[in-house]
Each structure stands twice: as C-alpha cells, then as structure tokens.
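Single-letter residue listing:
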There are 4 protein chains.
Amino acid sequence: MIIKMKKDSTKKQYQKLAEFLKSKNLEIRDVSSEFVHIFGIIGDTSSFEPVDLYAFEGVDEVTRVSTPFKKASRSFKKEDTVIKLEHGIEIGKDQFVMMSGPCSVESYEQLRTVAKVVKQSGAHILRGGAYKPRTSPYAFQGLGEEGLQILRKVADEFELLVVTEIPSSDLLPLFEKYVDVIQVGARNMQNFELLKTLGKSTKPILLKRGLSATVEEWLMSAEYIMSGGNEEIILCERGIRTFEKYTRNTLDISSVLTVKELSHLPVIIDPSHAAGRWSMIEKLSLASLAVGADGLIVEVHHDPEHALSDGAQSLKPKKYLQMTDELKAMAKLLGKTFI
Amino acid sequence: MIIKMKKDSTKKQYQKLAEFLKSKNLEIRDVSSEFVHIFGIIGDTSSFEPVDLYAFEGVDEVTRVSTPFKKASRSFKKEDTVIKLEHGIEIGKDQFVMMSGPCSVESYEQLRTVAKVVKQSGAHILRGGAYKPRTSPYAFQGLGEEGLQILRKVADEFELLVVTEIPSSDLLPLFEKYVDVIQVGARNMQNFELLKTLGKSTKPILLKRGLSATVEEWLMSAEYIMSGGNEEIILCERGIRTFEKYTRNTLDISSVLTVKELSHLPVIIDPSHAAGRWSMIEKLSLASLAVGADGLIVEVHHDPEHALSDGAQSLKPKKYLQMTDELKAMAKLLGKTFI
Amino acid sequence: MIIKMKKDSTKKQYQKLAEFLKSKNLEIRDVSSEFVHIFGIIGDTSSFEPVDLYAFEGVDEVTRVSTPFKKASRSFKKEDTVIKLEHGIEIGKDQFVMMSGPCSVESYEQLRTVAKVVKQSGAHILRGGAYKPRTSPYAFQGLGEEGLQILRKVADEFELLVVTEIPSSDLLPLFEKYVDVIQVGARNMQNFELLKTLGKSTKPILLKRGLSATVEEWLMSAEYIMSGGNEEIILCERGIRTFEKYTRNTLDISSVLTVKELSHLPVIIDPSHAAGRWSMIEKLSLASLAVGADGLIVEVHHDPEHALSDGAQSLKPKKYLQMTDELKAMAKLLGKTFI
Amino acid sequence: MIIKMKKDSTKKQYQKLAEFLKSKNLEIRDVSSEFVHIFGIIGDTSSFEPVDLYAFEGVDEVTRVSTPFKKASRSFKKEDTVIKLEHGIEIGKDQFVMMSGPCSVESYEQLRTVAKVVKQSGAHILRGGAYKPRTSPYAFQGLGEEGLQILRKVADEFELLVVTEIPSSDLLPLFEKYVDVIQVGARNMQNFELLKTLGKSTKPILLKRGLSATVEEWLMSAEYIMSGGNEEIILCERGIRTFEKYTRNTLDISSVLTVKELSHLPVIIDPSHAAGRWSMIEKLSLASLAVGADGLIVEVHHDPEHALSDGAQSLKPKKYLQMTDELKAMAKLLGKTFI
C-alpha cells in the first residue's frame, strides 16, 4: 500500500498514522521527494481496506498495489483451473462449452422440445430457470421445485447436465439434489450470505457478474465462495450497465481477457442477457469464441413469442443450430473443441 | 404500451402479434402515418414486460407509457406517505429526521460514547451495523446478534430508536425483536427473496438504492415489499456508480425530486456512503436538506481512525454537532423541524 | 411522436399544446384509455426535439418513434454504403480492411520502419498522428504539417494510403492535400463546426465514436457531415467510458451490430484505444472480425517503450504480423478478404 | 509515480525500464517487499503520462501520486481565485452570482422581455445562446452575430453583463467585441485547439464540464487555457452522463466540493441542463447554494412553450423570481450575498 500525505499535513498527523501502522506490524518505507511526502507500507494489510486510512487526518491518497483477492488470483495459482464434469466436459481447457435452453422452465413438454434441439446441437448442458428473479412482483416467478424436477427428468432423458439459478441459501439442499452446476444471478453477486453458503457446497458454481461490478469485485465474490472451501467457480460475463440503451446491457467482452490476466478461473459469456435482442446473439457468440471465452450460456426457445419470460432474447431452434454449426467451424480453426 | 413495427415487417407478422394481444384482452388503436406502422394497446399489460414483445418478428420498438409500479406510485396514492415512529417522529411530513451513529457496532462502550453525541444533537434514531456486508471475506463482518443486543440496550438507555441492516431472510425474527426500522442494503436492493420476506414484517423498512439502480427499479423493489402487505417504506439515496472516482460514489441528489414526482414515499439521503470522504459530509447534508429530502443517515464515530470499518466517512463528534447546528438553522428557514 | 399527459393535467393545458401542434401542421391521433390520456402526432417533426414539448405544462412523457437521422438511416437507404479507395479497397463489402501504424508520427525513419511492417502484413492503409489531442498541454502535441508530409512521403514509397486525425476546421486544405481518409477524433465527435466543414470535403471521413456518445448520437454526427454533402463516412468504435477501469475504455463490441441495424454505413473497430493494453489487442481484433466489423485501426510500433505517445497500446512488429496471419485465416473461414 | 512490476517480470525488463527513467533524470527509490517488486520515481515526470510506461514489458501497474495539473492546482496556489467583473461582482468570494436568461437569443423583443425579469431579480449577468450546438443539423442553430449584437444591446440597456458560448476559434474577435464572459460548452471541453486560442483571450472563461469528464480532466482543460496565459477561469458543473434517464443528466453536486479540494478556481452550477426539467430547478438551485457553489447559470423564458430550444428546462418569470427570493434568504443565512 502506498500512502501520500496532504501538502499541509502536520508531523503530528503523520505520527498518529505511523503508530497505527506499526501496531499492525507493518513496515514503513519512505519515497518522499522535495514536493511530496509519500511512503509505502510493507506487510499483511488484509485486516483493513485502503479507504479506512482516509480516516486519518492528513492522508491525501491511499493506493493498493496488490490485488485484494488471494485464492482467485493468478499470482496465487499460476495454472488455469479446469472444472471437470460428466461426459468428458472440461471447462477452462481446450473446449468451448455450450450451455443452452429456455429462459424459464414452463412445462415438461416445453423443456423436452427445447432439450431435443440442445442435444442435437452437440451441447451437453441444459439451462432453464426454475426460480426467476423478476423486477416486477406481478410477473411470472418460475415453477419452483417443480421446475427443478422437470429439469432433472428431461436432462436425464437426453443425457444432459443441468445448470440453473439459486435464489436463496435455504434452497441449497434442493439444488444439490437436482442440479449439476449452481448459478448465482447477477443481482445476487454481492449477496454475501448466499456466497458463504455456497462455499460449503460440493457443486461447481456459475457466478454471474453483477450489473455494475468491476472485474475486481467479481473476483472478490468468487473469493468469498472459495474462502469457504468450494474452489470450483465458473465466471460468467453477462453485460454491464452503461448509458447506451439500444442493447439491454453492454457486453464487456474485454472482461474475458481481464479475468484471464488476473485469475486462473474459467470464464464464459451470456450474450442473451447482454444484448437482450435475439438478432445479435449469433455474432456475439462468434466474437465470444474468438476472444477466448471458455464457453457460452444461451437462451433457446421453440416458441419465443409465447415464452413466459425473455422471449426477446431467445433464439429459435433453426437459428440456434445454424449458429452452433458456425461455432464448430471456428472452434476447429482456433484449436478448440465445441462440446 | 406503444408498439412500432419495422419498416419491412409483413402483414403476417403483425397478425401473429395482434392475435397474441387480443388473447390477452388488449385493445389495439392505430396511430400509423404514411411512413410508419405504429399502434397503442389498451388494457391490463401487467402479466408481461415490454421487452417480451421483441420476441415477435417485425416488432421494432415497444414503449411503456405507464409506470410499472402501482402501490408505490403517486398516481395510485396522491398524498405523501408519512411513517410515524415513537418520540413524535413523522418521516415524510415537515420534519428533517436525523439517523446517526457508527458504521459498525464494535462494543458497548463504543456505541455508548457515540450514542451520547447522537442524543446531544437532538436526533432520535441510532444507526450502527451488526451484520456488515464487506466486499472482502477477510474483513470484519460485524458482531452479529451481540451487536443487535448492544444496539437495543444503548438505544433504550438514551431513549433512541434503532435502525440497522438485515443481511438475510432467516434473521427477520431477531430483527423484529431488537430493531425499530429494518434497513435493506444497496447490494440487496434486488434480493427479491429478502424483499418478499420483509413484505410480511410489521416494521418500517429503510430501502437503500442499489449501486446502479434506476429510480424506477428502486421503486419496483419498494413495490415488492408493498405487494406483500408492508407499506411502510422509507427510501434512501446513497450514491450511484459512475465513471467519476474521486468520490466513492456519485450522490444523485436529483433522485429525491424524481422520487417525489413518481411516488408518495418518503426519501432520505446517506451522504457518508455517497461521498466516502468525511470532508464532504457537512456540505452534502446541507444540500440534502435544501433539495427537500426527508432526512439523513450519517456516520459518526468518536475515534474514526480506529473504527473497524468505514472510518474514512465518519464525522467526529465536534464536527457532527457543528453540522447539526447548521442543519437546525436551515431547517427553520425552510419551515421544517430538525428531529 | 407519442405524447402522454399527466394524470392531473387540465383540458386547458391540452388545448395549448394541441394548438401548437396544429400550427406545425401535425395531426393528432388519440390512443387514450380509461386511465391515461395519450396521443400520437403524425407529420414532419424535424423542426423541434421531443424534449422541447416538456415545456408545455401537463405533458408527462414524450417518446420519439422514428430515428432522428435521415441520410444515415437504413430506412432511408437499404443497401450497405461501400467506400471505394485506391488499390481495390472497398470498405463495407466483403473485405476486412486493416489500417495500421504508430500512434504519432515521430520522424521519417520511425515511420518508414513501421510502414515496412504494415506493408509486409498485406495492409494498405497507414495510420499515424500528426496533430495529437493530448489531455495535458505539457505533453507532445505532434509534428504538425511536417508530420503530414512525412506520412505522405512514406505512404507513397510503400504504395499505401494515409488516414490521420484533423484537429480543427482551418486545417482542411492541408489535409486534402496530404491525406486519403480524414479522421475525426472521439473528443471532436460533437464539434459541430468541424463536422459542418467536413461536409464540404471530397475525402472520406473516419468518424470515431465519442467517449460517452450513444450510437444514435454518433449517427447524428454522421448526419451532420452527410447533410453538408459528403456521404462517405466510415464509423469507428473505440470504446466507451464506464465504471470499469482495468481497461482504458470499455469496447462496446455490440455497437457494430447496432450500427448495422440502424444504418447503412460501414463500421470498423479501434481495439488499441478501447483496451489501452497491447496484451489485449490480438484477441479483441479477432473478436472484431467475428462480430462483423468491416475492418480495424491498430497501433503498431517497432520500439513502443520509446514512443512519444500511447506506447502502452502498440503492438510490436512480430506480434502484429502473427495477429494479421490469424486474421487472414479467420477472414477466409468467414468468407471475407483481409486487405 | 509508483511502479509495480509483474510477479514474473525479469531482471532484464526492469533494467530496460530503469535505464529509460534515468535518461529522464528521474531517481528510483525501492519499496519492494518479499512478495512484490515496487518502486517510486522522483523528479519531473511531466514529459510522459503514466500509461506510457505500460509499454515496458514487465510493468504491472503505474500510479500517479501528484495531480497532473499545475496552475489549476491548489497545491500550486493556496488562495481562492476571485474573478472580478463590473458592478462589483466577485466570483469566488462571498457572493452567490446569478447568470440567467433564455437558452437561445430569438429576437430583440424576446431578450428584452426576459432581461427585464433578470434585472428585477437582482442578477447582473445575462445569458443567452447566439451560436447553438444542436445534436441535429436540422434544428435551429442560433442567430449568430446578430444574436451577439442583440445580447450586447439589451445588456447595455439594463446595465447587465453578457455570458454566451463560443463555437469555434475563428470567432474569438467577435466574442471579444460583444461579450463579457466567454463560455466553452460541454461538448467542446476537450476541443484543445479552442482551449489554446482562449488562452490568449483577455476575457474570463466559463468552462463547462464535459458530459463524461472526470473532475481531473476538467481541471486539465482549465490548465490548457491557463498555460496559454489566461488564468481567469470559472468552472461550471452541468450534469454528467449516467445510466439514470429520468433526468437529462445526473447533477454531480459533489463535484463542487472536489473542485474546492483540488483547485483554487471558482465553480458554479447549471441546474437547467443537469435536470432538463423545469420542475426541478428551484430545489437544485437551493442545493447548489447550500453545497457551496459560487453561483448559478439558469434558463429563464417568458414563453417557454414557444422557445426555439430547451423550453423544457426554462423557468417562467414568476417561478424564477420566487426562486431568487428563496436564494436571497438562504444566502443571507449562509453569510453570502446574492448578486
């Protein structure tokens, strides 16, 4: 941590701060010039945050020089983390892993119809919401446990795996029973109580980036889960909130590269929620593969006009299958396997 | 809702959409010109969201013309909602209500020291975190139930009320036992499971605005609680995330006026979290009063340098008392009572 | 345009507005329901902006239903605009056009060294700044006219074309003399006086997107130039400003798709300024090709450590040539020609 | 400047960087710990920007520890800058200075009608646009020189001063002839050629903050003008672009406090452009005074419904005079004089 004092700060102010730092067993190393009083502190600073030091009068600026996350950091673990699932899936290696299915589970028939297409595309992971976080309390909230049961049943029929979103801690036992990968939604990325609970789960976690979370904060949320013991995290970029309103959110495609630089965790992209328009999914999916993402999570629906949620961003089967064909060709060119 | 069709949309595409709308008992009224096919739909559209209609091919743009919230809306209820608490407090009327105290409850002695200052200022509501949502899993997470007990004990000693943040649904019974106003933190503003639970509470809710929530989404979160039966909501603006980084967040002071136009609910400001710098609290508090907020929630600490969290944004007692004096004078000028 | 009146608006308020609209030869068509007074207006509304109508008391919301640009709009012209340049370059068709070179022109030798690499890669357009817009008045501001002369000389030597940024209207004659494509920088995207001047130029314009411009505003700036008579515009996405700070800006890759939906103009990507980190250029370039951009503008420097500006985002020759090889392979797969 | 090397950086990479720094006469002071290689550099670093050092391989992070502006900085000049104008106006001292008038100058009669109200309110500075930067090339662009003449004539009649926006460098002679304070619009904040030209003017400059400019960048633009010799700058906050769309922009009221901490220059607020809704002007103006701004620039129009631009954010005379009365009372309470 680097601390710069205000130009008019007093010796007494500095001493008060210095005492505090020494009480934390930190060493002070001066780098002041003629014009500015500045020093680095060396040692374990994890018990406080940089901003906390602004409480000391005379402090002008505090800059952290090491990342605040540990287990999620590439400095901590150099090798890419690979999440192994059934059917030979290895997320984070040389595969481009496709997770697809409807936004919401609506019925056994609906899911069966879509799952057939998912299977046909060569994908192995079925997505579908059983508990839906909706901004309006009056909108369809999902089938709940029944939805989980349908997901499991249909997935088993087609030999697929299941990924779906958990809304709250108390449902973990149910999710561990029915689900293969547990998703944390964007709005819950900093629901720390939920993250702590998932730290004790044995299932891999798909952690979506919050609407306005920096990559650093996103990795700190991964750290929450990892510090609880569960180190199987797949990150998922799904668009951030900006001033641009033509798309639902702004896909931050560079975040894949940031994650790869700062962390060893795998990262996939959700183009459906990022764009909010089905007309953009195909091209954004190709770009996701090109940029180096480890996979995709995409919404597919056989009858999007009558879907109970998010029809606008769902691909129809024909378009979806055309897209997966393109992805397979590009994956091959890039030395990856579509799965 | 107003729907505009694409220039090259077909008659068949329109018919598919029209059938869907009629099946929902909606009436279609055309406003097309020579250049554009456009129509309004009249009736109850609460069962779907505008974006859902983008699933229909040929649709270019869908615009909602009425607010998505009902109970929280000023069209629904014209008169200001006033939240009545003990000691003659009426939030949302002619009072400027001060909630103050430390960021975290650290010990009985600490809270007692600060509470004394709070009482001296003429304020009646004591704030203090027992469960702290921290971005790092390694930082101080609060005293938990012990913190709630200390809050209650100290508040009773000084005849103060207690406001503090609830981290998850399962703790509601504990909060109903110890707390007067239950706070929902910014990161949980769209934790819909928590909001549903609080809809059944008998305590008033202080609902903080999410880091990147529009005022409309914030009011939708209020609607979640209200639709459950609890209509005693106090909104709290605490800064939004923008590109400007000198302050911790950007205080959106105009949001107070937006809330007053769109809703009947009272709204207060938290300048401490908005600025993240104690040097700005005094002036932002005066501005909050001037703009028409119904109160403030402010961090005060007798020894911010050694606070276990957020010392940087806490006022020292002397500065705090000077500020409350200024607020009293300005409140008088504006025909309000500081309480 | 759709206008919604406030719930408590009066008949008199409506009449005042209706008179104004009729005086503009606009027709009013009612779509009111039992709960809301709302109507569409039909006719030519280009003489005022939707927000202007908020000046009328009683108006609650005004929504534009057609895009504000005409010549730049795909409704106006269905076929893609193709900008033809020497050497068989056709921007906006089946080519992936590469513009590359150093951030700043530093000397004849420097530019010659880089141009050789550009030529070797198979690219035909040389970039390089002669006038540099720097945030600090104390930083290197470019070689000025000498820079333009060097650009021309080196480009002719290698049979390349020149693209470079114009800082102000009065330099247009100089640019028409030396330059093949004139660039408008992001900070000047809404320098309307400059745009008007360029409307009279015979050279194609490379129009960068402003730091916080919506795609609609960007297209309105194109409209400014086009309304002056110059319809040869190439748009250039270069990242927008968001809260995320790991990258210099946030590349809004979806904007390519938005442009293609709303307009007929070609659009390229500048990954160097978007990311601000050379380590990300290769992957972002591949993603740009995959998403459907018509080309790239990229910074290359043989000695970035000693570049006078933006060395951090410049590729070294070896890395650049490796990247263009990858682009060629992917372009082939996608049915495009790298040029 | 503080430089942190990557964990896997090599000795050779460090040496290359060290040589470069020494060639710039900079001293290196090490603050490394066991886990991280980090050092400060001491000396004059104004010839390059921190990001330039990322061009060196092995560099992980570069942090600037002193502000990039000099003349605009409070470290450079401790005392508040006070801009003295005729009629005893002193911007930046104990006055609250009101600049008011219509958005656009439309005619002599219109301006005269509004100026009468401005005079009546006790204000001394008349605003009004003669050259209007409009996003649409088809909208009213202002009366040009005729507008300047009308401004001067009406201002002289009522003994008022004139502030109005300059669109481009070549018009400076005209502005110096007719105008008392020259305004730089938000869209031109980083039109560096214009800033350089104004550095040679003898008139005070009202510098609006760009739509998405940080306070630091805004002060760098002031530095551009000051480095040219003109140190009479009045800053003007007018709202920044965020995701919130109910208001036209988001008024960043805290920026006044940031400016006061970092700089000695005076700063005023433009609530009209910030909110874009006349219903919010009164309260935002009171908040501006309370937060410590040195004045306001506000739009007033006797017939906003028929104004040729921005009627939506203009106050009517009655409302305006009521507001100035409230401002006078509050100014008195705060020890300031409304002028």
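Residues numbered from 1 in each chain as written. Chains lettered and ligands numbered in written order. Predicted model: local features only at pLDDT ≥ 70, side-chain atom pairs only at ≥ 80, totals over all residues. Heavy atoms only, no water.

Asker: I'm lost on the overall build of chain A in this one. Help?
Answerer: Along chain A, the regular secondary structure elements total 10 helices and 15 strands. Taken across its 339 residues, chain A has 65% of its residues classed as buried. Relative to all contacts within chain A whose residues are 6 or more apart in sequence, the contacts with residues 24 or more apart total 68%. When the accessible surface of chain A is split by element, carbon and sulfur atoms take 49% of a total near 11,700 Å². If the 45 positive side-chain charges of chain A are averaged to one point and the 46 negative ones to another, these points end up 1 Å apart. (Helix = DSSP H or I, 4+ residues; strand = E, 2+ residues; numbered from the N terminus. Buried < 20%, exposed > 50% of the residue type's maximum accessible area, 1.4 Å probe, protein only. Contact = heavy atoms within 4.5 Å. Areas by Shrake-Rupley, 256 points an atom, 1.4 Å probe, with all protein chains shown as cover. Lys, Arg positive; Asp, Glu negative; His and termini not counted. Charge placed at Lys NZ, Arg CZ, Asp CG, Glu CD.)

Asker: Help me understand helix α3 (residues 145–157) of chain C in this model?
Answerer: In an α-helix, one turn spans 3.6 residues, which is why side chains three or four residues apart end up on the same side. Residues and elements named next belong to chain C. The end-to-end C-alpha separation of α3 is 19 Å, in line with the 18 Å expected for 13 residues at 1.5 Å each. Among the residues making up α3, those that are buried are Gly147, Leu148, Ile150, Leu151, Arg152, Val154 and Ala155. Where α3 is buried, its residues touch α2 (108–120), β8 (125–127), β9 (161–165) and α4 (172–178). Positive backbone phi, approximately 55°, marks Glu159, located one or two places after α3. (Expected span 1.5 Å × (residues − 1).)

Asker: Looking at this structure, I do not really get the domain arrangement of chain A. What am I missing?
Answerer: Reports of interface size often rely on the accessible area that becomes lost once the parts have come together. Domain annotation of chain A identifies domain 1 (2–63) and domain 2 (83–338). A separation of 44 Å is found between the C-alpha centroids of domain 1 of chain A and domain 2 of chain A. (Domains from an automatic or database assignment.)

Asker: How do you make sense of the interface of chain D and chain A when you look at a structure like this?
Answerer: Taken together, the contact pairs 22 residues of chain D with 21 residues of chain A. For the pair chain D and chain A, the summed buried surface comes to about 1,800 Å²; carbon and sulfur atoms form 65% of the total. A per-residue breakdown of the area chain D buries against chain A is headed by Val31(D), Val65(D) and Phe243(D), which together make up 28% of the total. Where chain D meets chain A, there are zero salt bridges. Counting every contact that joins chain D to chain A gives four residue pairs in polar contact (both at pLDDT 80 or more). Listing elements by their share of the side of chain D that touches chain A, those giving two or more residues are β1 (2–5), β2 (27–30), β3 (38–42) and β4 (59–63) of chain D. Top element by residues in the side of chain D that touches chain A is β3(D). It accounts for three residues. Its residues placed into classes, the side of chain D that touches chain A shows six nonpolar, seven polar and nine charged. (Buried area = accessible area lost by both parts, 1.4 Å probe. Salt bridge = Lys/Arg side-chain N within 4 Å of Asp/Glu carboxyl O. Polar contact = N/O pair within 3.5 Å; in protein donor to acceptor, adjacent residues only side chain to side chain. Nonpolar A, V, L, I, M, F, W, Y, C, P; charged D, E, K, R; others polar.)

Asker: Which parts of the structure should I look at to understand helix α2 (residues 108–120) of chain A?
Answerer: All names here are of chain A. Taking 1.5 Å as the rise per residue, α2 with 13 residues should run 18 Å; its terminal C-alpha atoms sit 18 Å apart, in good agreement. Taken as a whole, α2 has its buried residues at Gln110, Leu111, Val114, Ala115, Val117 and Val118. Down the axis of α2, the smallest arc covering the buried residues is 160°, so these residues share one side. Away from its buried face by more than 90 degrees, α2 exposes Glu109, Lys116 and Gln120. Tucked inside the fold, the buried residues of α2 contact β7 (95–101), β8 (125–127), α3 (145–157) and α10 (317–333). Gly122 occupies a position one or two residues after α2 and carries a positive phi of about 95°. (Arc of directions from axis to C-beta.)

Asker: Just to check I follow, could you spell out the relation of the copies chain D and chain A for this structure?
Answerer: One chain copy maps onto the other through a rotation about an axis and a shift parallel to that axis. The operation relating chain D to chain A is a screw motion whose rotation component is 180°, with 0.0 Å of axial translation and a residual RMSD of 0.0 Å. What we have between these two chains is a two-fold relation. Judged by C-alpha distance, Phe243(D) is the residue of chain D that lies nearest the rotation axis, at 2.2 Å. Take the interface residues of chain D: 95% of them recur as interface residues in chain A, which is what a same-surface contact looks like. (Least-squares fit on C-alpha atoms with pLDDT ≥ 70 in both.)

Asker: Is there a simple way to think about the sheet that holds strand β4 (residues 59–63) of chain A in this case?
Answerer: Residue and element names in this part refer to chain A. Pairing is antiparallel across the open sheet formed by four strands, whose spatial order is β2-β3-β1-β4. Every other strand in the sheet has two partners, leaving β2 (27–30) and β4 as the edge strands with one partner each. Averaged over all adjacent pairs, the angle separating strand axes in this sheet is 25°, with direction ignored. The sheet contact formed by β2 and strand β3 (residues 38–42) spans four bridges and is antiparallel. Looking at β3, one finds that Ile28 is bridged to Ile41. (Pairing = 2+ DSSP bridges. Axes fitted to C-alpha atoms, helices over the stretch in contact; angles between N-to-C directions.)

Asker: Help me out: how do you make sense of the sheet that holds strand β4 (residues 59–63) of chain C in this one?
Answerer: Strand pairing within a sheet occurs via backbone hydrogen bonds; the two strands may be parallel or antiparallel. Residues and elements named next belong to chain C. Here we have four strands laid out as an open sheet, ordered β2-β3-β1-β4, and antiparallel in their pairing. Since the sheet does not close on itself, it has two edges, and those belong to β2 (27–30) and β4, each with one partner. Between one strand and the next, the sheet's axes are offset by a mean angle of 25°, whatever the strand orientation.

Asker: Please clarify how the packing of aromatic side chains should be interpreted in this entry.
Answerer: Two aromatic rings are characterised by how far apart their centres lie and by the angle between their planes. All names here are of chain A. Summed over the entire model, instances satisfying the criterion amount to 16 aromatic pairs over all chains. Look at Tyr131 and Phe175: their rings are 5.9 Å apart centre to centre, the planes differ by 35°, and that puts the pair in the tilted class. Here Tyr131, found in the loop between β8 and α3, pairs with Phe175, found in helix α4 (residues 172–178); they are 44 residues apart in sequence, far enough to count as distant. Overall, Tyr131 belongs to the buried group, its relative accessible area being 16%. Assessed through its relative accessible area of 0%, Phe175 is described here as buried. (Phe/Tyr/Trp six-rings, centres within 6.5 Å; stacked < 30°, edge-to-face > 60°.)

Asker: Sorry if this is basic, but what is going on with the nonpolar core here?
Answerer: Burial of nonpolar side chains together is a common tendency in soluble globular proteins. Of all hydrophobic cores here, the largest spans 162 residues; its most connected members are Leu207(B), Leu235(B), Ile253(B), Leu207(D), Leu235(D) and Ile253(D). With near-sequence residues (within four places) excluded, Leu207(D) lies in contact with Val184(D), Met189(D), Leu195(D), Trp218(D), Ser221(D), Ala222(D), Ile225(D), Ile233(D), Ile234(D), Leu235(D) and Cys236(D). Counting residues in hydrophobic clusters, the runner-up holds 161 residues, among them Leu126(A), Val259(A), Val267(A) and Ala293(A). (Core = buried A, V, L, I, M, F, W, Y, C linked by side-chain atoms within 4.5 Å.)

Asker: Mind showing me how you'd approach the relation of the copies chain D and chain C here?
Answerer: Superposing chain D onto chain C takes a rotation of 180° plus a shift of 0.0 Å along the axis, which leaves an RMSD of 0.0 Å. Comparing interface residues between copies, 100% of those in chain D also lie at the interface in chain C; the contact surface is shared.

Asker: So what exactly am I meant to see when it comes to the confidence of the model for chain A here?
Answerer: For chain A, mean pLDDT is 92; residues scoring 70 or higher make up 100% of the total. Taken together, the chains of this predicted complex give a pTM of 0.92 and an interface ipTM of 0.92. (pLDDT = per-residue confidence, 0-100.)

Asker: Would you explain the interface of chain D and chain C in this entry?
Answerer: Taken together, the contacts link 48 residues of chain D with 48 residues of chain C. Taken together, the two surfaces of chain D and chain C that pack against each other cover about 4,600 Å², and 50% of this comes from carbon and sulfur. Together, Thr135(D), Tyr138(D) and Glu305(D) form the three largest contributors to the area buried by chain D at its contact with chain C, with a combined 14%. Applying the counting rule to chain D against chain C returns six salt bridges. A salt bridge links Glu57(D) to Lys316(C), with the nearest nitrogen and oxygen atoms 3.0 Å apart. For the side of chain D that touches chain C, the secondary-structure elements that each account for two or more residues are α1 (11–23), α5 (192–198) and α6 (215–227) of chain D. Here the element with the most residues in the side of chain D that touches chain C is α6(D); it accounts for five residues. Grouping the constituent residues of the side of chain D that touches chain C by class yields 18 nonpolar, 14 polar and 16 charged.

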